[in-house]
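An overview of the molecular structure
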Amino acid sequence: LMLTGRLVEIGGEAAGDLPGFLRRTVARAGAPVIRAAIFQAVRIMSEQFVLGRTIDEALRRAEREGFLCSFDMLGEGARTADDAARHEAAYGRALGAIADIGAGRDGPEGGHGISVKLSALSPRYEPLQEERVWDELYPRLLRLARLAADANINMTLDAEESDRLVLSLTLLERLAGESVLGSWRGLGLAVQAYQTRAVHVIDRLAELARATGRRMMVRLVKGAYWDSEIKRAQVAGRPGYPVFTTKPATDLSYLACASRLIVAAPALHGQFATHNGHTLASVRAMAVRRGVQVEYQRLHGMGEALYAAARDLFGPMRVRTYAPVGAHEDLLPYLVRRLLENGANTGFVHQLLNDDVPPEDVVADPFTAVEAAGAQGHPRLPLPVDLYGDRRNSLGVDMSVASERARLVAAVRDFRPEPEDGAAVLAPATGMVVGHIAEATAAQIDAAFAAARAAQAAWDGLGGPGRATVLERMADALEGARERLIALCVLEAGKSYGDAIAEVREAADFCRYYALLARRQFAGEEELKGPAGERNFLSRHGRGVFVCISPWNFPLAIFTGQLAAALAAGNAVLAKPAGQTPLVAREAVRLFHGAGLPREVLHLVPGDGRVGERLVTHQGCDGLAFTGGTETARRINRLLAERPGPIVPFIAETGGLNAAFVDTSAQREQVLDDVMLSAFGSAGQRCSALRLLFLPHETADHMIEGLKGAMATLVVGDPAHPGTDVGPVIDAGARDRLERHLELLAREAKILHRLPAPATGTFFAPVLAEIASARFLTREVFGPILHVVRYDPRQAETVARDFAGNGYGLTLGIHSRVESFAETIRRAVPAGNTYVNRSIIGAVVGVQPFGGEGLSGTGPKAGGPLALSRYCVERALSINIAARGGDPALLNL
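Another aspect to go through is the overall build of the protein chain. Scanning the protein chain from terminus to terminus reveals 32 helices and 25 strands. The C-alpha atoms of the protein chain give 31 Å as radius of gyration, which agrees with the globular expectation for 893 residues (29 Å, within 12%). Judged by the C-alpha coordinates and their principal axes, the protein chain covers about 90 × 80 × 60 Å. Sorting the 893 residues of the protein chain into buried and exposed places 54% on the buried side. With an accessible surface of roughly 38,300 Å², the protein chain has 54% of that area assigned to carbon and sulfur atoms. The averaged location of the 101 negative side-chain charges in the protein chain is 0 Å from the averaged location of its 98 positive side-chain charges.

Okay, structure coming up:
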């Protein structure tokens, strides 16, 4: 409760020892009393911020307290078709209840209205699924709009994330032109002033209103999910932020939008949602100057004192309450958001309640603040490209932009293989020839080792800074060739566009991160502290010639990452890509050479397992980096052990039986989103992919129904289509292995759901199955099959320790809002990478160093600070300077 402001004030002894005071209070009261207090606190907050559990209850309370409302039906966006149908029914019931009390008799301005979240009406409300939006979402929206028009009440489309803005405007444009809505003047849209495009949205709405002859209501808000927009832009590698990064800039944008909105009257009717006294007064001044009637809005539970004071000062004004309606299970995310907003240091409400903030600061003029700070963004929020400070972040592609999508689609469509001798390389989705590759012969392998050996000393002698320059040029080259590389990943590896974009970004990140390590760790001799009379140095050098064997599931990212690490440490490299994806590897090697890497330092040696065995057993191999299956890693380990000569390092990253543990406190929608991505993203062909999902008995049935519904929304098909979620598996052999496992599940377990697969191509559609225990799986099943295990929450730690007995240790997921549960599972299940309340795939170079333990790898972690340690040798030098006559440093003291 203290997050909401000074609702609780404690003085005396407690003020100096608040945690101790709370601990003693809890100890004296006991658990039952504390539970009762928490329940009471939640009930108080519920009544404070939520108007009613049902629309009827909310209407009665609004009538009793004299509120004019815009009702918001609580709940997260739809994840299944059933969710969308349920949300539509809830909106329909609310519209009916509002109509029944005659709210429309005073027109949309004078009666209650409703806010509709578009993402609640479709589980796939996203730009890449636009056809589906028109087929599924728009008919629902039109039905609701007809109900609102018939009742003559306001229906506002709520604001969504910035990448859905264009889609929202497109839906609104079509809706505004519907003749079946007659002359209804209650259609509205919420506009977020924190978006940098906000003023242009206001202008577009004014044009639309005039073109269609339909007056529209516009709710201007500052925006509620600023932090999410910032994170999304950073993660996606956007060139900039879609939102303003300082509060004064957002406040100023709000006033600029307000000015345009007021000027656009009567085509637009302004509804100004604010709890900021300066903003309220500014809007009123502009409206009075233009002689325009406007409406103000506040959140239920907030702003009462502000608007009471405004009425005392300015006289009557129309104030509408944005009133959430919902049951307890829909309440918690909304409550947490309100608490965080109220507690933000820069928030008007927080400052107003803080006696330490002078009144002049509370009502500071945003014009003055922006002029003082200048036009730059927040000093603690660098652009996404500068996120890491000491290296550039890779650039992404915004697939929500139609022109960006079209460019990538054209790159795939227009791709032409180069005529070469050798075996044909086929696209797994279509079976068409995308290129040819010749297998390296024994003589070529010998020649490559000899040339690499001769060139390695000069490359090592270049030093870390010199090698870093080449790697940084390689990162730039990767981004410069992005479209061709994406096309190759889509065609040769069956990658979706999103996965292909991530491949290029990760490859560039590896190059820049290892360049950074090369500059820091290989800059020359490092002097170590020692006794008087001697000097001690340590230097790092390449081991010689490294062999890098990479997998087909990350044909560019892992291939490039292995090479970049070996090269950064001063080695020459022989690189063998997977037999299924040699074309991507060839393109990467060309880019390396084009970036200034001497051709003799890096050699491409494609081929099957026989080529790999020649490389591993060759006397010229001074070290090996391998990513692939555990059984293959075991065989390589045996071959290396039997090889005469020095013992060489073996850096292995292998697979895992990866699991996620969910408890009863987990948020359903978050679990569904993360499980869909973790289990079925990349067609389940990631070593980090989710294989086992542990669900508590109490909520398992509900969660399983949600999983089945969310699976049904996935699009399985040709990855060359931007709307595809799940592409093919890599080849017919991989598909056949998955089919055999499916037969085992049908015999000995329970198949809960399976999606249909295209008839042509090497497709295996996602499967959801239930097994009795984790011991059913003895090895990794590499594809889109998710196994569910039910567990007793009282036995969570025992179940987790039993699962950990399989010996793997790659990725682990935990979904819980209880920290002690997450800590218990973490202790019980050793894993190289643990993720709490997020997906378990998509580790970022330098942010989430990736690699497992036990059966899942040898380390060091890829993309981590120790990544180069096993690619190099360390050489110590000790000089007894006393033998020359003494230590000058001591003699000159």
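The parallel open sheet is built from five strands, whose spatial order is β15-β14-β13-β16-β17. Edge strands, defined here as strands with exactly one partner in the open sheet, are β15 (602–604) and β17 (650–653). Strand-to-strand, the axes of this sheet are offset by a mean angle of 15°, without reference to chain direction. Strand direction decides the pairing type here: strand β16 (residues 623–627) and β17, joined by four bridges, are parallel. The partner of Thr627 across the bridge, within β17, is Glu653. Across the face of the sheet, helix α19 (residues 442–461) comes into contact with β13 (545–549), β14 (572–576) and β15 while running at roughly 150° to β14.

Another point: the nonpolar core. Among the nonpolar cores identified, the biggest contains 96 residues, and Leu478, Tyr514, Leu556 and Leu563 are the most heavily contacted of them. Top contributing element to this core by residue count: helix α22 (residues 497–521), with 14 residues. Within the second largest apolar cluster, 83 residues are counted, among which are Cys69, Leu137, Leu187 and Leu280.

Another point: the packing of aromatic side chains. Evaluation of the coordinates by the stated rule reveals eleven aromatic pairs. Ring geometry for Tyr296 and Tyr307: centres 6.3 Å apart, planes at 50°, overall tilted. Separated by eleven residues along the polypeptide, Tyr296 in strand β7 (residues 295–299) and Tyr307 in helix α13 (residues 304–314) bring together distant segments of the chain. The exposure class of Tyr296 is buried, given its relative accessible area of 3%. Summarising the aromatic geometry, the rings of Tyr513 and Tyr514 are spaced 6.0 Å apart at their centres and angled 55° between planes, so their arrangement reads as tilted. This pair shows no difference in class: Tyr513 is buried, exactly as Tyr514 is. Geometry around Phe554 places Lys495 over its ring, the cationic atom sitting 4.4 Å from the centre.

To continue, consider helix α7 (residues 130–151). Spanning 22 residues, α7 covers 30 Å between terminal C-alpha atoms, matching the ideal 32 Å at 1.5 Å per step. Along α7, the helix axis deviates most sharply at Leu137, where the bend reaches about 40°; the proline Pro139 sits within four residues downstream. Positive phi shows up at Asn152, right after α7, with a value of about 60°.

Following both chains from N to C, one finds helix α21 (residues 482–493) and α22 inclined at 125°, their axes separated by 9 Å at the closest point. Taken together, the axis directions place α21 and α22 in an arrangement best described as oblique. Seen from above, α21 lies across α22 with right-handed handedness. Together, Arg482, Leu485, Ile486, Cys489 and Val490 of α21 and Tyr497, Ala500, Ile501, Glu503 and Val504 of α22 make up the contact between the two elements. Grouping the constituent residues of the contact of α21 with α22 by class yields eight nonpolar, no polar and two charged.

Here the focus is empty space enclosed by the protein. Rolled over the atoms, a probe as big as a water molecule pinpoints where empty space is left. The tally for this structure, following the rule as stated, stands at five cavities of 30 Å³ or more. In this structure, the largest cavity spans a volume of roughly 130 Å³. Ala159, Leu165, Ala190, Gln192 and Gln195 are, among the 14 residues lining the largest cavity, the residues nearest its centre. Within the residue set of the lining of the largest cavity, elements represented by two or more residues are α8 (165–176), β4 (187–192) and α9 (198–212). Counting residues per element, the lining of the largest cavity draws most heavily on β4, at four residues.

On average, residues of the protein chain score 92 in pLDDT, and 91% of them reach the 70 mark or higher. Residue range residues 1–16 is modelled with pLDDT below 50. Its contacts to residues more than four positions away, or to other chains, number 18 contacts.

Let's shift gears to the environment of Gly544. Residue placement: Gly544 occurs in the loop between β12 (535–542) and β13. Note on Gly544: relative accessible area 1%, which makes it buried. Between the C-alpha atom of Gly544 and that of Ala452, which follows or precedes it by 92 residues, the distance is 8.5 Å. Aside from chain neighbours lying at most four places away, what touches Gly544 is Arg453, Gln456, Asn571, Ala572 and Asp622.

Count 3.6 residues to each turn of an α-helix, and residues three or four apart come out pointing the same way. In this model, helix α27 (residues 668–680) (13 residues) spans 18 Å end to end at C-alpha, consistent with the 18 Å of a helix rising 1.5 Å per residue. A large share of α27 lies buried, amounting to ten of its 13 residues. What α27 keeps buried is the set Arg668, Glu669, Val671, Leu672, Asp674, Val675, Met676, Ser678, Ala679 and Phe680. Looking one or two residues past α27, Ser682 carries a phi angle of roughly 60°, positive in sign.

Our focus in this paragraph is the pattern of salt bridges. Within the structure shown, the criterion is met by 55 salt bridges. Of the charged contacts in the structure, one is a salt bridge between Asp802 and Arg775, with a shortest N-O distance of 2.5 Å. Remark: Arg775 occurs in the loop between β21 (767–770) and β22 (785–791) and Asp802 occurs in helix α30 (residues 796–804); sequence separation between them is 27 residues. A single salt-bridge network, built from bridges that share partners, covers Asp83, Arg86, Arg668 and Glu669.

Pairing is antiparallel across the open sheet formed by three strands, whose spatial order is β11-β12-β25. Each edge of the sheet is formed by a strand with only one pairing partner; in this case those strands are β11 (526–528) and β25 (872–879). Each strand axis lies, on average, 30° off the axis of its neighbour in the sheet, ignoring direction.

Contact geometry of α27 with helix α28 (residues 697–712) gives a least axis separation of 10 Å together with a crossing angle of 55°. Overall, the two elements α27 and α28 adopt an arrangement that is oblique. Crossing handedness for the pair α27 and α28: right-handed. Listed contacts from α28 to Arg668, Val671, Leu672, Val675, Met676 and Phe680 of α27 are His702, Met703, Gly706, Leu707, Ala710 and Met711. Class assignment for the residues of the contact of α27 with α28 results in nine nonpolar, two polar and one charged.

To continue, consider the environment of Gly52. By the secondary structure assignment, Gly52 is in the loop between α3 (31–49) and α4 (55–65). Judged by its relative accessible area of 5%, Gly52 is buried. A C-alpha to C-alpha distance of 8.5 Å links Gly52 and Ala323, two positions 271 residues apart in sequence. Ignoring anything within four residues of it in the chain, the contact list for Gly52 reads Glu57, Ala58, Pro324, Val325 and Gly326.

Among the five residues of β13, five are classified as buried, and the element is accordingly described as predominantly covered. By the alternation rule, side chains of β13 split into Val545, Val547 and Ile549 and Phe546 and Cys548, which are all buried. Sheet topology note: the β13/β14 ladder contains five bridges and is parallel. Bridging from a neighbouring strand, Cys548 pairs with Ala575 of β14. You can see the chain leave β13, run along helix α23 (residues 557–568) and come back into β14, and the turn it takes is right-handed. The pairing of β13 with β16 spans four bridges and is classified as parallel. Pairing of Phe546 across the sheet is with Gly623, part of β16.

Calculation criteria
Residues numbered from 1 in each chain as written. Predicted model: local features only at pLDDT ≥ 70, side-chain atom pairs only at ≥ 80, totals over all residues. Heavy atoms only, no water. Helix = DSSP H or I, 4+ residues; strand = E, 2+ residues; numbered from the N terminus. Rg over C-alpha atoms; globule rule 2.2 N^0.38 Å. Buried < 20%, exposed > 50% of the residue type's maximum accessible area, 1.4 Å probe, protein only. Areas by Shrake-Rupley, 256 points an atom, 1.4 Å probe, with all protein chains shown as cover. Lys, Arg positive; Asp, Glu negative; His and termini not counted. Charge placed at Lys NZ, Arg CZ, Asp CG, Glu CD. Pairing = 2+ DSSP bridges. Axes fitted to C-alpha atoms, helices over the stretch in contact; angles between N-to-C directions. Contact = heavy atoms within 4.5 Å. Core = buried A, V, L, I, M, F, W, Y, C linked by side-chain atoms within 4.5 Å. Phe/Tyr/Trp six-rings, centres within 6.5 Å; stacked < 30°, edge-to-face > 60°. Lys NZ or Arg CZ within 6 Å of the ring centre and 35° of its normal. Expected span 1.5 Å × (residues − 1). Bend = angle between axes of the 7 residues up to and from the residue. Parallel < 35°, antiparallel > 145°, perpendicular 65-115°, else oblique. Left-handed = near helix turned anticlockwise from the far one by under 90°. Nonpolar A, V, L, I, M, F, W, Y, C, P; charged D, E, K, R; others polar. 1 Å grid on protein atoms, 1.4 Å probe; cavity = no way out; pocket = protein on both sides within 12 Å on 5 of 7 lines; lining within 4 Å. Points joined across faces, edges and corners; volume = space filled by probe spheres on them. pLDDT = per-residue confidence, 0-100. Salt bridge = Lys/Arg side-chain N within 4 Å of Asp/Glu carboxyl O. Right-handed = clockwise from strand over helix to strand, strands pointing away.

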